[in-house]
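Coordinate inspection notes
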Amino acid sequence: MALAIDSLKTSFISPTPPLPLKPYKNLRSSQSPEKPRNLIIHCSIHPDPWSLSTGNRPKPISKNPKNPLSDDNARRIIKAKARYLSVLRRNQGPQAQTPKWIRRTPEQMVQYLQDDRNGHLYGKHVVAAIRLVRSLSARPEGSYNMREVMGSFVAKLSFREMCVVLKEQRGWRQARDFFEWMKLQLSYQPSVIVYTILLRVYGQVGKIKLAEQAFLEMLEAGCEPDEVACGTMLCAYARWGRYKAMLSFYSAVQERGITPSIAVFNFMLSSLQKKSLHIKVKDLWREMVDKGVVPNNFTYTVVISSLVKEGLLEESFKTFNEMKNLGFVPEEVTYSLLISLSSKTGNQDEAIKLYEDMKSRGIVPSNYTCASLLTLYYKIGDYSKALSLFSEMEKNKIVADEVIYGLLIRIYGKLGLYEDAKKTFEETEHLGLLTDEKTYIAMAQVHLKSRNYEKALTIMDLMRSRNIWFSRFSYIVLLQCYVMKEDLASAETTFQALSKTGLPDAGSCDDILNLYIKLDLLEKAEDFIFQIRKDQVKFDMELCKTVMKVYCKKGMLREAKQLIQEMVTNGLIKDSEFVQTLSMVMLEESGRPGYGDDTVVALNQIDTMALELMLRLYLTVGNTFKIEEILKMLLKAAGGLQVASQLISKFNREGDMSKAQSLNDQLVKLGCRAEDASIASLISLYGKQHKLKKAIEVFSAVEGSPTTGKLIYISMIDAYAKCGKAEEAYRLYEEVNDKGIEVGVVALSKVVHALANCGKHQEAENVIRMSFQNGLELDTVAYNTFINATLEAGRLHFADSIYERMVSLRVAPSIQTYNIMISVYGRGRKLDKAVEMFNKARSSGVSLDEKTYTNLIGYYGKAGKSHEASLLFREMQEEGIKPGKVSYNIMINVYATAGLDHEAQQLFQAMLKNGCSPDSLTYLALIRAYTGSSKFSEAEETIMSMQNEGVPPSCVHLNQLLSALTKAGFTEEAEGVYYKLLSAGLSPDVACYRTMLRGYLEYGYVEKGISFFEQIRESLEPDQFIMSSAVKFYKSAGKERESEAILDSMKSLGIPFLKNLEAGSKTKTP
C-alpha cells in the first residue's frame, strides 16, 4: 500500500510488456535532414531518461551528446514519453516484464547506490544540488532564501536535472521552496511530471491542502493530468482517510475519461474498508470490474473482507470462487474471515471445507482462524475435533491467545475435565494473557458446573481485585454463584446491580425466585413476582413455571388464572403442553364446557408437571372436588402415579404432612397406592416429629399387602427408633426377618443404634452376634455402628474383635472407624494401640480430620504425655486442619493437667487470634491451669473476664477456684472470692457449699462454719456432707442441742452420719 502513493519513485502500477509507439521524427534536422530516425523506447532494455520509476543514468538519443535538444523538442519528447507511460501502466497484466533495476542482485544494488552517492548517475552537480536543498531541513522556515541558496546553480541545471533534485527531496518545505525556484528558471517548462512529483511529496506527509493547490495550479498551467497524476492525488486522499474528497475527486477523474490503475483502486478500496464503509467498497469494486480493470490478489482480499464484514455470505463465496478460478491463491486472512462467517451463520460444513482447502494449500492458520474453528466445534459439541485442532496448533507452533485458552476452558468444562480447565486457566495467567472478562467468566462457569461455588466466587473476587470491568453477563454469573451458595443478601445485592444495567433477563429472575422458594421465603417470592411483572420483564417458559409454582404453593388461585390467560394470549399455548394442560384445567374450573374422559385420552401428552402444580394449588385452597378430578386425569397419563407419589415425597421433604396425608388418602380412595418410597418418606416424617401413632396408621394401611417393600419396613423401624421405642423396632425387625424379607444392613444398623441409645446393650449385642451367625454382608457403616454400640456398652474387647472381623473380611475402614477404634483403645488404657491405629489411618490414604487428631491428643493428655499431645496438635495445624473450639479446649486441658499454665495462656491467646470464640469449657480449662499452678488471682480474673466477654460463669468455674484455695489453706481468700462473686449475681450450688464448709472444717474455722451453714440452710436440700459438717461445727462450739437436732433430722431422712470428719484436721496455712 505504501508503494502506491510512491507513484513516482517506484512504478505506480505493475510493469507491463513494452508497447510499440508511433515513430517520431528526429527534430535535430540540421545534422541529418535526409535521414529521419524513429524513436523506440524499451523500458526493460534501455532506461528512459524521463522515467521516474527507475534511477538509471539517462542515455542520449543522439550520437553526439554535446549538441543538446532545444527546449521545445525536449518538451515534445517528454510528452511523448508521458503518453507511453500512460499506455504502459494501463495495459499492465500478469505477463508484465520485470524492469531491469528490479533484477539487480544485492551486490549490484550496493554498487548502484554507491554510484548514486558519487554522482555517476546524475552528475556531481546534481548530487550537490540535492544535498544542498536537503540540508535546508535543519534550518527553520523563513531563515533562508532559496534563490540565494541556489544562486550557484542558476543555468547549470537542466529541466530534467531539476526534476531529479525535486524528486529526491525528503521534506515537503524544501520541495515546495525548490519548486518555486524551479519555476523561475529559464529551462523550466510546465509539465504534469513535475507536478506529479510535488503531489507525491505532499501526499506522503498528509499536506492535502497543498496538494490540492498544486493540482489546481497544474490545471491553470495548461497541463492535462494523466493517470499517474490523478492516481497520486487519489492515493493521497485515501492514505489520510479523506474518503469523501477521494470519492468526489474520483467522480471528476471519471468525467475526464481517466481510469485509475489497479494499484490506485486497491488503495481506495483499502481506505474505504478502514472506515468500515463496506457498501462503498462493494460499489467501487463493481465500478472497477465494469471498467475492465483486472483485479489482483490484494483486490480480492480487500473486497472479500468487506463482503464478509457486511454479512453477505453468498456474494463473499462467489467472489472467493472467482478469485481461485483466476489462479490467485487466497491469503490466510481471507480463509479466516470466510471460516468465521460460516461459523456464525451455522454453515459448519462449509467452514470445515474451507479449513481443509486451506491446509491442502500449505497455508498455516492464524490463531484467529483457530479460534473461529474452536468456537464452531464448541457450538456443535464436537469436542474431540476441538482438542485435535489444539494439538495441530501446538505442532505448527501457532501461539494461542486468550480467546483460544478461554474456549479450551469451556470445552474442558463441558467434558467434565475440571482439573484440565483449571490448569489451562493457570497457564493463561502464567503467560500474562489473563486480561479479558470472558476468560474469568469461563472458569467461574466451569466451577459452577462442578457445584464448586466457592471457587467460582474466588474467580469473581480475583476479577474485582484486578479492576476487570463487570459486564451484564458477569453479574448474571455472579448471581448464579450466590444462588448456588444460598447467600440471599449477596444474591439480592447482585440482582440490584444487574438491574442497573438494564431490564433483568428471565433466567436471572428465575434463579433468584428459585432461591426464595428453596429458602421457603414465599412472601419475598410473591413481592418479587409483583415487581418483575410491574417492570414488564419478558417471561420465558422456565420463569412461567417457577412463577406458577409460587402461586400454587401460596394458593393464589386468581393470580394463577391471570398468568395462564396471559400465556395463552401470548401464543405460548401452541407450542407448550405445559400451558395447554394448565389452560385445560383452569378453563374447566372457570365454568366452561368440561373435558370428559375422551378429551383426556385424545390429548397427545398431558404435562404431568402442570397437573402436579394444579394438585398443589387445589390442595392449598382445599378444593377436594378438583383434587379428585386432577388426580383422575393424572392417573390416566403415562407415569401419573409416579408424579403423584413424588408430590407426596416433596410435601414430606417440605414438612407439610397434612398435604402429604391428604394426597395419600385421595389415592387410596381412588383405589391406588403411592409408591413405596413416598409411603416410606411419610412414615419417616411422622417418626421425626415423634408422631408415632400417625406413622403406625400409615404403616398399618399397607402392612398386609404382599407388594409392601422393604423401604416401608425400614422407615417404620426407623420411626420406632426415633420415638424411643427400641424394643418395638427390634420386634418389627425380627418379624420382617421371619417373613424372609431382606431389609438389609441399613435397618440392622438402625436397630442396633436404637438399642444402644436406650441402654439395651445386651439386646444390641444379640443383634450383632445374630448378624454374624447369619453371615450377613455388612458394610462399613454397619461395622462402625456395631463398634460404637459396644464401645458405649463398655465391651471394649468385643469392639476390638468386631474391628478384627471387619479387617479380615476386607471391608475398608473409614475415618469414622479409625476414630472409634482410637477411643476403644484409649478407654482401655492401651495408648500404644491407639497411636498404632492413628498411624494406620494416616498410612491408609484416608484424609485425617480434626476429630482424629483431637481424640488422640485427649488420650495423650490423660496419660500425662503433654509433650506428645503438643507435637500432635502442631502437626494437625501443619496439615492444614484448622483447630476448632473442641480441639483448643482439649489441648488447654492437657496443659492444665500437666500444670503448664503459661502454655495454656499462650494457646488461649492463639485461639482468640485465629477467630475462635472461647466457650464456658475453654474458660474452665484455663482456670484449672491457673489453679493448678497456684495462680489464684489470674483464675479469679479469668472468671470476671468471662462476664465481660458475654460468657456467664457457672458454679463449676467458681467451685474450681474455691476448691483450689481451700486445699491450699487460703480459706479466708476463698471466702472473699465467694462473696464477691455472690454479689456479682452468681448463684452457688451444693458443690460450692461443700467446698466452703470443707475449708472451714479442715482448718478449724468453727464459728465461720456455723455462720455459713445457717446462711444456706433455708435454701438447701438435705445433703450428707453438709449436715455432718454442721454437726461437727456445733459439737466443737459446745452447742449440743443444735447438734442433736441435726442428727435427729438426718436419722428421720435416712441420711447416715459421716464419722470420719474432724474439725481442724489440717494446719492452717499462715
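Position numbers for residues count from 1 along each chain, tracking the sequence in the order it is written. It should be noted that, the model being predicted, local features are given only for residues of pLDDT at least 70 and side-chain atom pairs only at 80 or more, the latter also being counted only at that level, while totals for whole chains, interfaces and linings use all residues. Neither water nor hydrogens contribute to the side-chain values; these are computed over all heavy atoms in the structure.

1. Re the overall build of the protein chain
The test is simple: Strands are runs of DSSP state E lasting at least 2 residues, helices are runs of H or I lasting at least 4, and numbering of each runs from the N terminus. Buried means the residue's accessible area, taken with a 1.4 Å probe over protein chains only, is under 20% of the maximum for its type, while exposed means over 50%, and partly exposed covers the values in between. Only heavy atoms matter for contacts: two residues are in contact if any of them lie within 4.5 Å across the pair. Accessibility throughout is a Shrake-Rupley quantity obtained with a 1.4 Å probe, and a residue counts as covered only by protein chains that appear here.
Counting its secondary structure elements, the protein chain contains 57 helices and 0 strands. Here the protein chain holds 1070 residues, and 47% of them are scored as buried. Taking all contacts inside the protein chain whose residues are at least 6 apart in sequence as the whole, residues at least 24 apart take part in 65%. Summed over its atoms, the accessible surface of the protein chain is roughly 53200 Å², and 50% of this surface lies on carbon and sulfur atoms.

2. Here's the deal with the pattern of salt bridges
Applicable threshold: We count a salt bridge whenever a side-chain nitrogen from Lys or Arg sits within 4 Å of a carboxyl oxygen from Asp or Glu.
In total, this model carries 41 salt bridges according to the counting rule given. The residue lysine 359 makes a salt bridge to glutamate 356 at a minimum N-O spacing of 3.9 Å. With a gap of 3 residues between them, lysine 359 and glutamate 356 both fall in helix H17 (residues 348–360), about one helical turn apart. Look at lysine 359 and you get partly exposed, because its relative accessible area is 35%. The exposure class of glutamate 356 is partly exposed, given its relative accessible area of 41%. In the salt-bridge network here, residues are joined through shared partners; they are Glu141, Arg173, Arg176 and Asp177.

3. Here we look at the packing of aromatic side chains
We apply this condition: Two aromatic rings from Phe, Tyr or Trp, using only the six-membered ring of Trp, form a pair when their centres are within 6.5 Å; if the ring planes differ by under 30 degrees the pair is stacked, by over 60 it is edge-to-face, and anything between is tilted.
Overall, the coordinates contain 28 aromatic pairs when judged by the stated rule. Their ring planes at 70° and their centres at 5.2 Å tell us that phenylalanine 838 and tyrosine 853 sit as a pair that is edge-to-face. With phenylalanine 838 in helix H45 (residues 831–843) and tyrosine 853 in helix H46 (residues 850–862), this residue pair connects regions lying 15 residues apart in the sequence. Of the two residues, phenylalanine 838 and tyrosine 853, both sit in the buried class.

4. Topic: unusual backbone geometry
Phi angles above zero are rare outside glycine, and aspartate 520 is one such case at about 60°. Within the element layout of this structure, aspartate 520 appears in the loop between helix H26 (506–518) and helix H27 (522–534). Owing to a relative accessible area of 59%, aspartate 520 belongs among the exposed residues under this scheme. We note that arginine 810 has phi near 60°; this positive angle belongs to a residue other than glycine. Structurally, arginine 810 is set in the loop between helix H43 (796–808) and helix H44 (815–827). You can call arginine 810 exposed: its relative accessible area is 79%.

5. A look at H46
Basically, it comes down to this: In this analysis, the expected span of each helix is defined as 1.5 Å times one less than the number of residues it contains.
The end-to-end C-alpha distance of H46, which contains 13 residues, comes to 18 Å, matching closely the 18 Å that a straight helix rising 1.5 Å per residue would cover. Judged by how many residues are buried, H46 sits mostly within the fold: 10 of 13 residues are covered. Within the sequence span of H46, burial applies to Thr852, Tyr853, Thr854, Asn855, Leu856, Ile857, Gly858, Tyr859, Tyr860 and Gly861. Where H46 is buried, its residues meet H44, H45, helix H47 (866–878) and helix H48 (885–897). Where H46 ends, the next residue or the one after it, glycine 864, has phi of about 80°, a positive value.

6. Some thoughts on the packing of helix H8 (residues 192–205) against helix H9 (residues 208–220)
For clarity, the threshold we go by: Between N-to-C directions, angles cover 0 to 180 degrees, with each direction set by a line fitted to C-alpha atoms, over the stretch in contact for helices. Angles are sorted into four bins: roughly parallel if under 35 degrees, roughly antiparallel if over 145, roughly perpendicular if 65 to 115, and oblique for all others. All amino acids are sorted into three groups, where Ala, Val, Leu, Ile, Met, Phe, Trp, Tyr, Cys and Pro are nonpolar, Asp, Glu, Lys and Arg are charged, and the leftover types, Gly among them, are polar.
It is the contact of H8 with H9, at a shortest axis distance of 9 Å, that shows an interaxial angle of 170°. Our classification of the angle between H8 and H9 gives roughly antiparallel. Here H8 contributes Val192, Tyr195, Leu198, Leu199 and Tyr202 to the contact with H9, which in turn contributes Leu210, Ala211, Ala214, Phe215, Glu217 and Met218. A class-by-class count of the residues in the contact of H8 with H9 yields 10 nonpolar, no polar and 1 charged.

7. Focus: the packing of helix H13 (residues 278–290) against helix H14 (residues 297–309)
Here is the rule: Helix crossings are classified by the rotation of the near helix relative to the far one: an anticlockwise turn of less than a right angle makes the crossing left-handed, while a clockwise turn makes it right-handed.
Here H13 crosses H14 at 140°, and the two axes come no closer than 9 Å. Classified by the angle their axes make, H13 and H14 are oblique. Handedness of the H13/H14 crossing: left-handed. For the pair H13 and H14, the contacting residues are His278, Val281, Lys282, Trp285 and Met288 in the first and Thr299, Tyr300, Val303, Ser306, Leu307 and Lys309 in the second.

8. Quick word on helix H15 (residues 313–325)
Given a rise of 1.5 Å per residue, 13 residues ought to cover 18 Å, and the 18 Å separating the end C-alpha atoms of H15 matches this to within 8%. Contacts from the buried residues of H15 go to H13, H14, helix H16 (332–344) and H17. A positive phi of about 90° marks glycine 327, the residue just after H15.

9. Describing the environment of methionine 268
Mapped onto the fold, methionine 268 is located in helix H12 (residues 262–274). Residues methionine 268 and leucine 234 lie 34 residues apart in sequence; the distance between their C-alpha atoms is 7.3 Å. In this view, methionine 268 contacts Leu234, Ala238, Met246, Tyr250 and Leu284; residues no more than four positions away in its chain are not counted.

10. Observations concerning the environment of serine 191
Counting through the fold element by element, serine 191 comes out in the loop between helix H7 (172–182) and H8. Judged by relative accessible area, serine 191 falls into the buried class, the value being 1%. Each C-alpha atom of the pair serine 191 and glycine 222 lies 8.7 Å from the other, and the pair is 31 residues apart in sequence.

11. Considering the nonpolar core
This is how it is decided: The definition of a nonpolar core used throughout is a set of buried Ala, Val, Leu, Ile, Met, Phe, Trp, Tyr and Cys residues joined through side-chain atoms within 4.5 Å.
With 320 residues, the main nonpolar core has Met150, Phe178, Met182, Met548 and Met614 as its most contacted residues. The dominant element in this core, judged by the number of residues it contributes, is H8, at 9 residues. Those residues within four positions of methionine 548 in sequence are excluded, and the remaining contacts are Ala560, Leu563, Ile564, Met567, Leu582, Leu613 and Met614.

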